[in-house]
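What follows is the residue order along each chain.
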Amino acid sequence: ANPKENNCYFKYTVSIDDEETPVYESDWIEPGKAVTEFEVTEPLEAGDYEIHLNISACTLDDSHTLLNGADVKAVLHAV
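Worth saying up front: this structure is predicted, and the values here are computed from it rather than measured. (Residues numbered from 1 in each chain as written. Predicted model: local features only at pLDDT ≥ 70, side-chain atom pairs only at ≥ 80, totals over all residues. Heavy atoms only, no water.)

Draft legend 1. Focus on the layout of surface pockets. Put simply, the largest pocket is a space of about 160 Å³. Together, Ala-1, Tyr-12, Val-14, Tyr-24, Val-35, Thr-36, Glu-37, Phe-38, Ile-51 and Leu-53 line the largest pocket. Contributing elements (two or more residues each) for the lining of the largest pocket: strand E1 (8-16) and strand E3 (47-59). Partitioning the lining of the largest pocket into residue classes produces eight nonpolar, one polar and one charged. (1 Å grid on protein atoms, 1.4 Å probe; cavity = no way out; pocket = protein on both sides within 12 Å on 5 of 7 lines; lining within 4 Å. Points joined across faces, edges and corners; volume = space filled by probe spheres on them. Helix = DSSP H or I, 4+ residues; strand = E, 2+ residues; numbered from the N terminus. Nonpolar A, V, L, I, M, F, W, Y, C, P; charged D, E, K, R; others polar.)

This is the structure in structure tokens:
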């Protein structure tokens, strides 16, 4: 989610382990909006995968100046 009080866009990129090619990349997400589910670019076998969730942020104005971001490790459960 991008909290509605944020004054920026968020973009999420999901990669499995340390692979360079992401399995998912969102569009820029407006404040107050969220990604609640997504489909990966390549089918995954059922199981748990260590993922890297890269969070990018940019300004809301036309310049889309990049702001701070984050890289979060998590587990993706594929069914």
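Draft legend 2. Region of interest: the pairing of E1. Counting buried positions along E1 gives nine out of nine residues, so the element sits mostly inside the fold. In this sheet, E3 lies alongside E1 in antiparallel orientation, the contact comprising nine bridges. The residue bridging Thr-13 from the neighbouring strand is Asn-54, located in E3. Where E1 lies against strand E2 (residues 24-25), two bridges are found, and the strand directions are antiparallel. Bridging from a neighbouring strand, Val-14 pairs with Tyr-24 of E2. (Buried < 20%, exposed > 50% of the residue type's maximum accessible area, 1.4 Å probe, protein only. Pairing = 2+ DSSP bridges.)

Draft legend 3. Highlighting the packing of aromatic side chains. Counted by the stated rule, this structure contains two aromatic pairs. Between Phe-10 and Tyr-12 the ring centres are 6.1 Å apart and the planes differ by 80 degrees, which places this aromatic pair in the edge-to-face class. Pair check on accessibility: Phe-10 and Tyr-12 agree, each one buried. (Phe/Tyr/Trp six-rings, centres within 6.5 Å; stacked < 30°, edge-to-face > 60°.)

Draft legend 4. How the structure looks around the pattern of salt bridges. Overall, the coordinates contain one salt bridge when judged by the stated rule. Glu-25 is paired through a salt bridge with Lys-11; the nearest N and O atoms lie 3.8 Å apart. Of this pair, Glu-25 sits in strand E2 while Lys-11 sits in strand E1; the two residues are 14 residues apart in sequence, bridging distant segments of the chain. Residue Lys-11 is classed as buried on the basis of its relative accessible area of 18%. (Salt bridge = Lys/Arg side-chain N within 4 Å of Asp/Glu carboxyl O.)

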